[in-house]
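Letter by letter, the chains look like this.
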Amino acid sequence: MTPRTPASGSDPKKTAEEKAAAPERTPAKKATAKKATAKKATAKKATAEKATAKKVVAEETTAGKAVAEKAVAKKAAAKKAATKKTTATKATAKKTAAKTTTAKKTSAKTTAAKKTTARKATAKKTTASEVPVVAAVSPALDAGDRERLLSGTHHDPHSVLGAHPVPGGVVFRAFRPYALSVTVVAGSLRAELHDDGDGFFSGLVPLQDVPGYRLSIAYEGTVLDTEDPYRFLPALGELDLHLIGEGRHEELWRALGAEPMTHQGVSGTRFTVWAPNARGVSLAGGFNFWDGTGFPMRSLGGTGVWELFVPGIGEGELYKFEITRPDGSKTLRADPLARRTEAPPNTSSIVHASHYEWGDEEWLARRAELPAHEAPFSVYEVHLPSWRSGLTYRQLAEQLPAYVKDLGFTHVELMPVAEHPFGGSWGYQVTGFYAPTARLGTPDDFKYFVDALHRAGIGVLMDWVPAHFPRDDWALAEFDGRPLYEHEDPLRAAHPDWGTLEFDFGRTEVRNFLVANAVYWCEEFHIDGLRVDAVASMLYLDYSREPGQWTPNEHGGRENLDAVAFLQEMNATVYRRAPGVVTIAEESTAWDGVTRATHHQGPSGFGGLGFGLKWNMGWMHDSLQYMSHEPVHRKYHHHEMTFSMVYAYSENYVLPISHDEVVHGKRSLVSKMPGDWWQQRADHRAYLGFMWAHPGKQLLFMGQEFAQGAEWSEAHGPDWWLLDPAYGAEADHRGVRDLVRDLNTVYRHTPALWERDTHPEGFQWIVGDAADDNVFAFLRHAADGTPLLSVSNFSPVVRHDYRLGVPDDIPAWHETLNTDADRYGGSNVINPDPIKPEATGWHGRPASIRLTLPPLATVWLQPS
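Throughout this document, residue positions are counted from 1 along each chain, in the order its sequence is written. Predicted model: local features are reported for residues with pLDDT of at least 70 only, side-chain atom pairs are reported and counted for 80 or more only, and whole-chain, interface and lining totals are derived from all residues. For side-chain calculations, the full set of non-hydrogen atoms in the structure is used, while hydrogens and water are omitted.

In this section: the overall build of the protein. Each helix is a run of H or I in the DSSP string that is no shorter than four residues. Each strand is a run of E no shorter than two, and both are numbered from the N terminus. For the protein, the count of helices and strands is 20 helices and 36 strands. Split into buried and exposed, the 864 residues of the protein put 59% on the buried side. For the protein, the exposed area adds up to about 32,900 Å²; of that, 53% sits on carbon and sulfur atoms. Only protein chains enter the calculation, and the probe is 1.4 Å; a residue is then buried if its accessible area is under 20% of its type maximum, exposed if over 50%, and partly exposed in between. Calculation of accessible area relied on Shrake-Rupley with a 1.4 Å probe; when residues are assessed, cover is drawn exclusively from the protein chains displayed.

Structure below.
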């Protein structure tokens, strides 16, 4: 469940260095410089042509991978330098008009001294085999193309930029704002392009075919030698685009986002993003000082996907997408499919490729041997950032598996680990659905953590939140200027409880985004199960809405048919692709068929949702309500402990004592119990014994295993100091933890407690109506019929010779577990000797036994 918060995160703020480094656009100044240059180009004599040729040689360079944008490292410096350049250029123009009548436009952008120094440095790097030429003036760039590129609204920049055959040769065009010159390098050929103003450079070279080439781009103070992004074919295949368009790309993360690769023999990164409403999309990042003007992306047909392969960009680069909205305004957005992000409050996406080598082959090979509902399934719920505050994924990998294994849990369940801006949301307001939170390390660090749990024999479940997302203006909300991931109807889009936005489950691309995300966590991170949050809020159109705030479905009902179809598709896809994985629904209503197969239609007319398990919220609410009463009043609430068996087999259930039950004034589990400290601990232990014996799987939130008295807070996590031997009451807390360890040990080795959790024949009441005694007794049966007898006495008195009817085919019973044992902190009222049945019928059975029932305790007995 998501806590409501006033804000889900702060807007991204540039660092001082980024602000200073961001280049400033100066088209007006470039136009002035162009006029000054034009006055000098008045003659084309042979001697001037020779001088020009020499100048071209001097300006050519292969400076390699120098970062061109260092020339504009600070805005203030750029402005000042531009002013000085203009003044110096005018003075130089008067002195050198006769000598440099064919001077290039670059002379208007730099002082004579800087120009001479750059040429000398470049001339030294020009090889003898290179042939400098002057590119002829190319056909003029269409005014519309020019304007669209400048405004960031061009859908096909590759059709204009790059190299294109034309009559008379090959025309080269580059769009590099702030560059002083651009030279095409093709083998031994070097051709300097004409400066067309506003960052555009072009030239016509007399070639028959488009050659393999690079660009040598001179900036103030440095030269960048690079591949031209606009010479590459699309790096996304037609099949990918077809599947995206159909909403059926089950490996969407391999098609969208940032993918380091080798494309047409060149290393770089392919950037792709779905933004169908955008007028244009550009790529911005640390490599271009967050100015996407010179990196426009192309639209791939009618799919709404934009693509750009950028050579030379690799892992670790920060990036975002600069989107031009339908109204012409711009927005800078994080990548919805980023596989790695900056740690909050920073919000940039990071280019990532995994290099982790897994070591859990044995775990994966055997996890599908038994379905979850027929296997031992005891879960320790964890909020990773606060379990041991300050630990990274790799540090947690050294501590958590050992702790959980020692206590005997079969699984851990992680509260959401996908990236989220506001820690107070506990991870339930996600902005980075494909990225583990960077607070604790990298994606490969998280893989190491999961691997460590698997190697310790512990399964990993993860909370997954497809119901909603926050409104942060750098994330998914109105991503491309219009509702995209959210529903276009504001009433359908706004989540009434948490101030967030609901996904539009009826849009195929959005459904694909979420289905593929579920698959992604299971396949890429080897997650063993997804606990799906807030399912009820997805299923009902009127969830938390008043009349007039919602519209019925096409049949006039309140069911969200789009959400039903999405959940069915998600479950079917996950179970098909990831054997052994289980999906678990947090569904708080009585929706029919949550754990029924999707192809089996129920009484309501719907197919099942297809989940493997469902949280039993009714049992949790009722049983905790019963335990909160003083024992003297419990007889009036006896049904709160027995009602769960009326519907116990309607779904495959998990019994959750989760984080939601120990926060926001609800008190910790032990603090819910009435009476003094001894009684509270006794009730706590008795309740856990009852819970572990009840049909269904178990889930216990961290801190409750040692009876923490305070509510949980994400700010500091469990009160581990309670287990410090120096603390006076340490034995009380250690005793409860020892009980949890023994409950799990007996549970795992007793098929009667888990093998028939979903079959009515696996349970039989002995006595369910002993309200005056506050006693509950029942049998659990394994598949082979072997029983376990559980007896709970929720009164504070010892009940001697308490008679219970039992089967007559068991020669003797022995006490397997007693929550009142002194090693757990109890009064040690036990049944130490084997108990033989008497031929006295009782509770409708042919035989009976007499027990001593300890106060506020649960006792388990098995055949001797």
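Counting buried positions along strand 28 (residues 653–657) gives 5 out of 5 residues, so the element sits mostly inside the fold. Burial of the side chains of strand 28 extends over both faces: Tyr-653, Leu-655 and Ile-657 are buried on one face and Val-654 and Pro-656 on the other. Relative to strand 28, strand 27 (residues 613–615) is paired through 2 bridges, and the arrangement is parallel. From the neighbouring strand, Lys-614 faces strand 28, where its bridge partner is Tyr-653. DSSP-based pairing: two strands are paired if at least 2 bridges between them are found.

Residue position: Asp-504 is located in the loop between strand 24 (501–502) and helix 13 (508–524). Positive: Lys, Arg. Negative: Asp, Glu. His and the chain ends are not part of the count. The rule for a salt bridge is simple: a side-chain nitrogen of Lys or Arg has to be within 4 Å of a carboxyl oxygen of Asp or Glu. Look at Asp-504: it is buried, it has no salt bridge, and the nearest opposite charge is Arg-492 at 5.5 Å.

A word on the packing of aromatic side chains. For this analysis, a ring pair means two rings from Phe, Tyr or Trp (six-membered ring only for Trp) whose centres lie within 6.5 Å, classed as stacked if their planes differ by under 30 degrees, edge-to-face if by over 60, and tilted for the remaining angles. The full count for this structure, using the stated rule, is 51 aromatic pairs. Residues Phe-706 and Trp-720 carry aromatic rings whose centres are separated by 5.4 Å and whose planes lie at 40° to one another, so their mutual orientation is tilted. With Phe-706 in the loop between strand 29 (697–701) and helix 20 (730–748) and Trp-720 in the loop between strand 29 and helix 20, the pair connects residues that are 14 residues apart, well separated along the chain. The same class applies to Phe-706 and to Trp-720, which are both buried. Where Trp-721 meets Tyr-727, the ring centres are 5.2 Å apart and the plane angle is 80°; that geometry is what we call edge-to-face. With a relative accessible area of 31%, Tyr-727 lands in the partly exposed category. Any Lys NZ or Arg CZ that is within 6 Å of a ring centre and within 35 degrees of that ring's normal is treated as a charge sitting over the ring. One Lys or Arg, Arg-803, reaches over the ring of Trp-842 and ends 5.5 Å from the middle of that ring.

A separate point is the packing of helix 7 (residues 238–246) against helix 13. As a rule, the C-alpha atoms of each element are fitted with a line to give its axis, helices using only the stretch in contact, and angles between N-to-C directions run from 0 to 180 degrees. At a minimum axis separation of 7 Å, helix 7 and helix 13 run at an interaxial angle of 105°. In terms of orientation, helix 7 and helix 13 fall into the roughly perpendicular class. Contacts from Leu-243, Ile-244, Gly-245 and Glu-246 of helix 7 reach helix 13 at Thr-508, Glu-509 and Asn-512. Charged residues are taken to be Asp, Glu, Lys and Arg, nonpolar residues to be Ala, Val, Leu, Ile, Met, Phe, Trp, Tyr, Cys and Pro, and polar residues to be all remaining types, Gly included. Residues belonging to the contact of helix 7 with helix 13 are distributed by class as follows: 2 nonpolar, 3 polar and 2 charged. Orientation labels follow simple angle bins: below 35 degrees gives roughly parallel, above 145 gives roughly antiparallel, 65 to 115 gives roughly perpendicular, and whatever is left gives oblique. Whether two residues touch is decided by their heavy atoms; if any such pair falls within 4.5 Å, the residues are in contact.

Confidence per residue, as judged by the predictor, is encoded in pLDDT with a range of 0 to 100. Averaged over every residue, the pLDDT of the protein is 87; the share at 70 or more is 85%. Taken together, the stretch residues 4–125 has pLDDT below 50 and engages in 175 contacts with residues farther than four places along the chain or on a different chain.

It is worth spelling out helix 16 (residues 617–628) at this point. With 12 residues, helix 16 should cover 16 Å at 1.5 Å per step; its first-to-last C-alpha distance of 17 Å lies within 8% of that length. Met-617, Trp-619, Met-620, Ser-623, Leu-624, Tyr-626 and Met-627 are the residues of helix 16 that are buried. In this scheme, a helix's expected span is set at 1.5 Å multiplied by one less than its residue total.

Read from one edge of the open sheet, 5 strands run 30-31-32-36-34, paired in antiparallel fashion. The sheet is open, and its two edges are formed by strand 30 (763–770) and strand 34 (813–818), each paired on a single side. Between one strand axis and the next, the sheet turns through 20° on average, direction left out of account. Of the strand pairs in this sheet, strand 32 (residues 787–793) and strand 36 (residues 857–863) are connected by 5 bridges, and their pairing is antiparallel. By the bridge assignment, Val-791 is partnered in strand 36 with Val-859. Sitting on the sheet, helix 19 (residues 677–693) is in contact with strand 31 (775–781), strand 32 and strand 36, with an inclination near 40° to strand 36.

Side-chain alternation along strand 26 (residues 582–585) places Val-582 and Ile-584 on one buried face and Thr-583 and Ala-585 on a second face that is also buried. The pairing of strand 25 (residues 529–532) with strand 26 spans 4 bridges and is classified as parallel. Residue pairing across strands places Leu-530 opposite Thr-583, the latter belonging to strand 26. Across 2 bridges, strand 26 lies against strand 27 in parallel orientation. Note on strand 27: the bridge partner recorded for Ile-584 is Leu-613.

Glancing now at the pattern of salt bridges. Using the criterion set out here, one finds 41 salt bridges in the structure. For Glu-259, the salt bridge identified is with Arg-339, shortest N-O distance 2.6 Å. Placement of Glu-259 in strand 10 (residues 257–263) and of Arg-339 in the loop between strand 16 (330–333) and strand 17 (349–350) is noted, with a sequence separation of 80 residues between them. Relative accessible area serves as the criterion here: at 22%, Glu-259 is assigned to the partly exposed category. With relative accessibility at 14%, the residue Arg-339 sits in the buried group. Across the salt bridge formed by Glu-838 and Arg-803, the nearest N and O atoms sit 3.0 Å from each other.

The subject of this paragraph is the side chain of Asp-360. Relative to the helices and strands, Asp-360 is located in the loop between strand 17 and helix 8 (361–366). Buried charge without a partner: Asp-360 forms no salt bridge, and the closest opposite charge is Arg-367, 6.8 Å away.

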